[in-house]
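Each chain, letter by letter, is given below.
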Amino acid sequence: MSKKVKLKFKKSILSTSDNIISTDELVNRLSILHEELSSLVQDETDPESVNSYCNDLVNRKLIKHRDAGVRAFVACCLSDILRIYAPDAPYTDTQLTDVFKLFLAQFEELGESENGYYIQQTYVITRLLEYRSIVLLTDLPSAMKLLERLFSIFYDNSKSYNPKLFKVIGGILGEVISEYEAVPTSVLKIIFNKFLTYNPSSIPKGLGTSANCGYEVTLILCESYGSRMTRYFTKYYSEVLYELTNDDENLYVDKNEISKVLDKLHNLLIKVWETVPDMIAPVTGFVYHELCSENDLFRQKSTDLVGKLLSIKSEINLVTTYQDVFNAWLSKIADISVSVRMQWVNTIPDILSVRKDISEAINKGISKTLIDSENMIRKESILLFDKLSIEVIWENITNPSIYMSLLRFSREKNREVREVCNSILAKLFEKSRKSIKRTQNNKEIWEIIDKIPSTIFDLYYINDPKINEQADDILFKYIFPLDVNDKQRVSRLLDIVSTLSGKSLTSFFAFNKRQLQISLALSKFVDFSKKVNDKEDDSSSIADAVVKLPKTINWLSSGLSDSKIAEAALNAVMELNDKRIFYLLQTCVNPDVKFSTWNNSFSELMTKLKDPNLLRHRDISSASLIIPRDIAKQFRILLYRGSPILFNSSNIPYLLSTGDTHNAALKRRLLDEISTLNPQQLKGQIKTLMSVVKSENQTSDGDMTLSLGETLKTLYKIGKTMVNDIAFDDTFFYTKLKDYASGKSPLIAKYATKLIALSPDAVGTLNELKISILPLNKKSENFTSNINVLSEIFKFYPHILDENSTDIVGYLIKEVLLSNEGILTISDSDSWIDDDAVFSEENNILNAKLSSLKLFTNKLRSITIESDHKELTTAFINKTMKLFFYLIASGGELISETKDDAHATPDNYQTRMRLCAGLQVLKCAKLPILNDFIKPADIIRLVNLVEDESLFVRKIFLDTLKKDLANEVISIKFLPLIFFIAYEPDLSVKTSTKTWINFTFGKETFRKGTYFERALPRLIHAIAHHPDIVENFNKEGDEYLNNLATAIDYLMFYFDSVANQDNFNLLYYLSERVKNYQDKIKDDRDDDDRTDAEASISMRSKRMYVIGELSQMILLQLKEKRGWQHSAYPGKLNLPGDLFQPFNTTKEAQASFKTYINEKQASRLLSNVKAKVSRIIHSSQTQKQRAQKKLLAMENQPPIKNKTKLKVKKRRYNDESDDSGSDSDINGDDDGVYKPSSKLKKVQTINARRKNLRERKEIDYNVDDDIIDENSASITNII
């Protein structure tokens, strides 16, 4: 055994009275002692040689010496003493406590930037860690205090420790806590709170800032002592959670305080998950129980916690590792608490932004939150799309049902949800177009996204000012952004319009049609404002402007959501009398303004109107009612509506461009629409269009966007309003027109003739054409074109054909209408022939027939002035009208089936023929004289077209009928025809017609004139003469009831659209009034030889009375269901004299007053009526629209505050009045309840073909006394 080394140092290190050691000397001796002690090896050193210094070093004179150097070297020596004597220290607990206090003081000085003994202190901390001497601290009585102080020193933010020591410090602290079974909560707070108080990502990079010691040490502890720290973290989490949930101790009474503590606890967990994800494993159990807690706050906070954990990228997949927690989090979409569900939704954007592995599960969750019962949840779910980038949306939200839900929310009843959704939809559309390519994988979603413009345009059908304003704003911010690049703007316009169809396309064209009205109104507003402000002008025009300006302002403001603000804005601009503002306004609404000019003017105008100083120092009466920002908003909407933005003159060259054949058909349609609505925009293209006409090699199927026929058509539309701009003095151009008019193509000849009719030498040229055409020759290759030319001559200059009209009409009837010679066998005879196909060469015979009918109409319109003076004229009108109605009644066939050599007219030809005949009737009805020749029985025959087997016939005829009725250019005797769409199988046609009824019924002129209400007797009469009713009226049993069920459906459709509390008494009165008259329209089945009063009531009158009773029955059920009041109608009205005639004697009148539906039949029919009334109350489109309008009207009203609580009485029902539409009412098994038979059900199927009046028999035309009321409320009349 080798000899142990003894300490060589023998000098004293303690000063005595006899031996005073100076500080410098003491430091020197301690330095030498430290140097020798540090070189001693533990097992090779003689402890006895060191003993004397062991006691001296713990002397208070040294440990608490005032000199830092003394203390530093004493600490170094003591660290070596503990190393040499390890594992047992040669000190008492008290001495050892003083030693560790010295050590801690040295640790503290390590963090001082001006410390002169850094090396010695580094030596101390390193030796204590290297030989684990530090753990002796844990056995001392004051260990807890020392431990807390130890951690406080290194976690003190005021100290700055060298980053090289972080691992040593972490090791020291780690070794200490490793010796504890239970570390105090105060120490755990010091450790874990560093995650909350220090955020390394918030420290600016490159500024030379040092790392935070406490944070780095915490990381080292968690990484190097993971197992023990995990246990301590779990302990800490559970203790805090226990304090929050323990009701007995009541440590946290305030809910806000609990919320703050929970937030801190969860933030700690999030930080741990970010840095040391393995540590949270035991804590997830607590998180799971929080998610399942009965406490709403805990569920809300834990839902937020898991959402944040999911949004953090980590090596551990939380979804698969802690699946129970993830599933519990997913279930929060159905939590009973709104706040929890809301919190779930709010976490989604951050999650989807960083991961897509759980997108399928989140998609399912979003689809459910979008249909949540709470408005705020639905709104927040929609806002997700605003918080995510468009790339993330397309990558992660792939469920088509979610996008379909968004489309449906565009009509959401809640205003906030609706407005947010519409805005989000528009942004989604705009961003998708810019950033997302179309692929096969995203095709399904793109199909939905492409519907967004249609959805926005459909909003106009709600007809709510606030919704209209938002739609206007959205359209020009996102759907049609104001791009100054003409080519890009037109390309976008074409792409978007190509996605529109049906209602949305109609809405698009209506939007541009409305632009003309508002443009005119704004222009007049500027003109009137200038005149009113012109103090020097004393002409009569000033007085006129003073009267019309308020009306114009009122008209403009009435279409905006806040009419008072709008009116104040208009008045403010008027009073400003700023010439520059007026100029900019007129420039913006100028029909042929270039888009770049418009954009500059619009931008300048908005800047001026937004100027906060706009109204300052001005004597403006409305200045107190409005601020500049609101003025700018009102004029922005008005200019969006009134400016030629979509149909702009800058667009025309690109629409006419031949370079791009994409959307060529759509280009032609847009050009046609522009030329119809605002031909002035095409003024700059007249030379281009004329050059096309003059082109030698131009054909009808050329490469141009517009064919030659369409070019001529466009020029004609321009010429109607700007005839002086067409150079008819261009000899070559005019010669080409004459050549085309004599040519083979019917379309080209037609519009060439129209253009010639506008020229100065029209009469002479048309005479030349007449001479070249007549006499007509069926074998001529230009025969069809010649008919079109003659038709146009009849329209513009009929006197040219005065001598030839009889021959022309006779020839056309014999050789065209009554002949099918030359018609080839058509393979697809059921297909519809559209307008373009009609003018194709293969359909020349059909074109000739249709043109002949139009020629007859033009002939009728030209001779109406003479109808009161010439019997021949009257006879011709009668015969022509009979021809039209014969075509309608026969289904479009004029060729007798008995002729062996006759060719039957193809079905698709017949379809076009009967439609054309119906449209000619409506044209004739616009002229009062011709209208008198259209008898009630004829109008009943028009029901054939409303219920035609061809969808195209029904739709085109109904559209024309609705347009004429809405414009009040035809008599209201045609109005009942609208209500025969009750059995319409095409949903879009029925819905659009129902919408039209609701809108037109609400128009002021229709409301004041009670047109729809006064149509009821006519409808009752028309139903009584409907072929289904006539044919089965004499049947018995279910067949008879089926017959009446048909009548009930027609009446139900009418009352659903028209009946309300305000007109109920009038409708009931009119229904009763029917029995005061007899039917004036004779029926072949009536026996005119009957003499007694009872028998003299004809079968047709009985049908009418039965329908009247059904009408009353329905009205009474509606009254009962809706709680309407019923009182006698105060006035007295006569029914239309063309349909109803009074009784000859009092006895006859008294005989009519009886019940025509017996008690048993009435009972069964009443059950049928009750069920149908219940259905329309709960599901009809009209009721939904009325309810929506009521909600919309209430949205902007302040809530009513009641001081007293309302007591709601429970509604009582009895067995007799329970008609709520339950299954027992509709589908009950009571034998006494009438249920339509299978025959009626068959009638109501999609492929139903209604019975029509196509019978060849003589029609008795009776005189019609109705006249047309031509009042109009358009802006044109106002100004």
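Predicted, not measured: the structure shown is a model, and the values here were computed from it.

Rules used in this analysis
Residues numbered from 1 in each chain as written. Predicted model: local features only at pLDDT ≥ 70, side-chain atom pairs only at ≥ 80, totals over all residues. Heavy atoms only, no water. Helix = DSSP H or I, 4+ residues; strand = E, 2+ residues; numbered from the N terminus. Buried < 20%, exposed > 50% of the residue type's maximum accessible area, 1.4 Å probe, protein only. Contact = heavy atoms within 4.5 Å. Areas by Shrake-Rupley, 256 points an atom, 1.4 Å probe, with all protein chains shown as cover. Core = buried A, V, L, I, M, F, W, Y, C linked by side-chain atoms within 4.5 Å. Phe/Tyr/Trp six-rings, centres within 6.5 Å; stacked < 30°, edge-to-face > 60°. Lys NZ or Arg CZ within 6 Å of the ring centre and 35° of its normal. Axes fitted to C-alpha atoms, helices over the stretch in contact; angles between N-to-C directions. Parallel < 35°, antiparallel > 145°, perpendicular 65-115°, else oblique. Left-handed = near helix turned anticlockwise from the far one by under 90°. Nonpolar A, V, L, I, M, F, W, Y, C, P; charged D, E, K, R; others polar. Expected span 1.5 Å × (residues − 1). Polar contact = N/O pair within 3.5 Å; in protein donor to acceptor, adjacent residues only side chain to side chain. 1 Å grid on protein atoms, 1.4 Å probe; cavity = no way out; pocket = protein on both sides within 12 Å on 5 of 7 lines; lining within 4 Å. Points joined across faces, edges and corners; volume = space filled by probe spheres on them. Salt bridge = Lys/Arg side-chain N within 4 Å of Asp/Glu carboxyl O. Patch = residues over 30% accessible without salt bridge, like charges linked within 9 Å, V, L, I, M, F, W, Y side chains within 5 Å. Lys, Arg positive; Asp, Glu negative; His and termini not counted. Charge placed at Lys NZ, Arg CZ, Asp CG, Glu CD.

(A) Representation of the overall build of the chain. Scanning the chain from N- to C-terminus turns up 64 helices and two strands. A burial count over the chain gives 53% of its 1279 residues as buried. For the chain, restricting intrachain contacts to residue pairs at least 6 apart in sequence, the fraction spanning at least 24 positions comes to 77%. A total accessible area of about 60200 Å² is found for the chain, and carbon and sulfur atoms account for 48% of it.

(B) Seen up close, the nonpolar core. Ranked by internal contacts, the top residues of the largest apolar core, which has 393 residues, are F107, F508, F525 and F974. No other element matches helix α55 (residues 1037–1058), which puts 12 residues into this core. Excluding its chain neighbours within four sequence positions, the residues that come into contact with F974 are L922, A925, N931, I934, I939, L942, L961 and L965.

(C) Molecular detail of unusual backbone geometry. A cis geometry characterises the amide bond from L774 onward to P775, with omega recorded as -5°. Within the fold, P775 resides in the loop between α39 (762–773) and α40 (783–796). The phi angle at N577 is positive, at roughly 55°, despite the residue not being glycine. If you trace the backbone, N577 turns up in the loop between α29 (563–576) and α30 (579–588). By relative accessible area, N577 is classed as partly exposed at 32%.

(D) Region of the structure containing the packing of aromatic side chains. A complete count under the given rule lists 50 aromatic pairs for this structure. Measuring from ring centre to ring centre gives 5.0 Å for W394 and W446, while their planes differ by 40°; the resulting arrangement is tilted. With a gap of 52 residues between them, W394 in helix α20 (residues 390–396) and W446 in helix α23 (residues 443–449) connect regions that are remote in the sequence. For the pair shown, W394 and W446 are each scored as buried. An aromatic cluster of three or more residues is present, and its members are F457, Y460, F476, F480, F508, F509, F511, F595, W598, F602, Y640 and F647. Geometry around Y131 places R83 over its ring, the cationic atom sitting 5.6 Å from the centre. The ring of Y461 is capped by K503, whose NZ or CZ atom sits 4.7 Å from the centre of that ring.

(E) Molecular detail of the packing of helix α43 (residues 844–863) against helix α45 (residues 907–925). As a packed pair, α43 and α45 sit with axes 10 Å apart at the nearest point and diverge in direction by 10°. The angle between the axes of α43 and α45 places the two elements in the roughly parallel class. The crossing of α43 and α45 is right-handed. Together, L846, K849, L850, L853, K854, T857, L860 and R861 of α43 and Y909, R912, M913, C916, A917, Q920, K923 and C924 of α45 make up the contact between the two elements. Here the contact of α43 with α45 is built from residues that sort into nine nonpolar, two polar and five charged.

(F) Local environment of the packing of helix α17 (residues 338–354) against helix α19 (residues 375–387). Following both chains from N to C, one finds α17 and α19 inclined at 5°, their axes separated by 9 Å at the closest point. If you check the angle between α17 and α19, you find them roughly parallel. Counted together, V338, R341, M342, V345, N346, I348 and P349 of α17 and M376, I377, E380, S381, L384 and K387 of α19 form the full contact between these two elements. For the contact of α17 with α19, the residue count by class is eight nonpolar, two polar and three charged.

(G) Local environment of helix α10 (residues 213–224). An ideal rise of 1.5 Å per residue puts 16 Å on 12 residues; α10 measures up with 16 Å between its terminal C-alpha atoms. In terms of burial, α10 is largely enclosed, as nine of its 12 residues are buried. When α10 is considered as a whole, its buried residues turn out to be C213, G214, Y215, V217, T218, L219, I220, L221 and C222.

(H) Focus on the environment of T765. Tracing the chain through its elements places T765 in helix α39. Relative accessible area serves as the criterion here: at 2%, T765 is assigned to the buried category. For the pair T765 and Y734, spaced 31 residues apart in sequence, the C-alpha separation works out to 9.9 Å. Contact partners of T765, with chain neighbours within four places excluded, come to Y734, K738 and I756. A distance of 2.7 Å separates a polar atom in the side chain of T765 from a polar atom in the side chain of Y734.

(I) Seen up close, empty space enclosed by the protein. As enumerated under the stated definition, the model contains five cavities of 30 Å³ or more in all. Looking at the lining of the largest cavity, the elements with two or more residues in it are α47 (936–941) and α53 (1016–1024). Classifying every residue of the lining of the largest cavity by side-chain character gives nine nonpolar, one polar and three charged. Estimated volume of the second largest cavity: approximately 90 Å³. Along the walls of the second largest cavity sit F476, F480, P481, R489, V490, R492, L493, I645, L646 and N651, which together make up its complete lining. With four residues, helix α26 (residues 486–497) is the single largest residue contributor to the lining of the second largest cavity.

(J) A look at the pattern of salt bridges. According to the stated counting rule, one finds 57 salt bridges in the structure shown. When the shortest N-O distance is used, the salt bridge between E949 and R914 registers 3.8 Å. One end of the pair, E949, is in the loop between α48 (943–946) and α49 (951–966); the other, R914, is in helix α45, with 35 residues separating them in the sequence. Taking the relative accessible area as the measure of exposure, R914 reaches 3% and is therefore buried. Each of D80, R83, R127 and E130 takes part in salt bridges that share partners, so that together they form one network.

(K) Up close: the environment of S339. Checked against the element boundaries, S339 lands in helix α17. Note on S339: relative accessible area 29%, which makes it partly exposed. Along the chain, S339 and M376 lie 37 residues apart, while their C-alpha atoms are 9.8 Å from each other. Within the structure, the side chain of S339 is placed 2.8 Å from the side chain of S337, a separation counted as a polar contact.

(L) Expanded view of a positive patch on the surface. A cluster of basic residues, K720, K795, K854, R861 and K923, forms a positive patch at the surface. When you line up the elements, K854 lands in helix α43. For K854, a relative accessible area of 32% gives the class partly exposed.

(M) Seen up close, the side chain of N843. If you trace the backbone, N843 turns up in the loop between α42 (835–838) and α43. Classification of N843 by relative accessible area gives buried; the value is 7%. Filtering out sequence-adjacent residues up to four positions away, N843 remains in contact with I833, A837, V838 and Y909.

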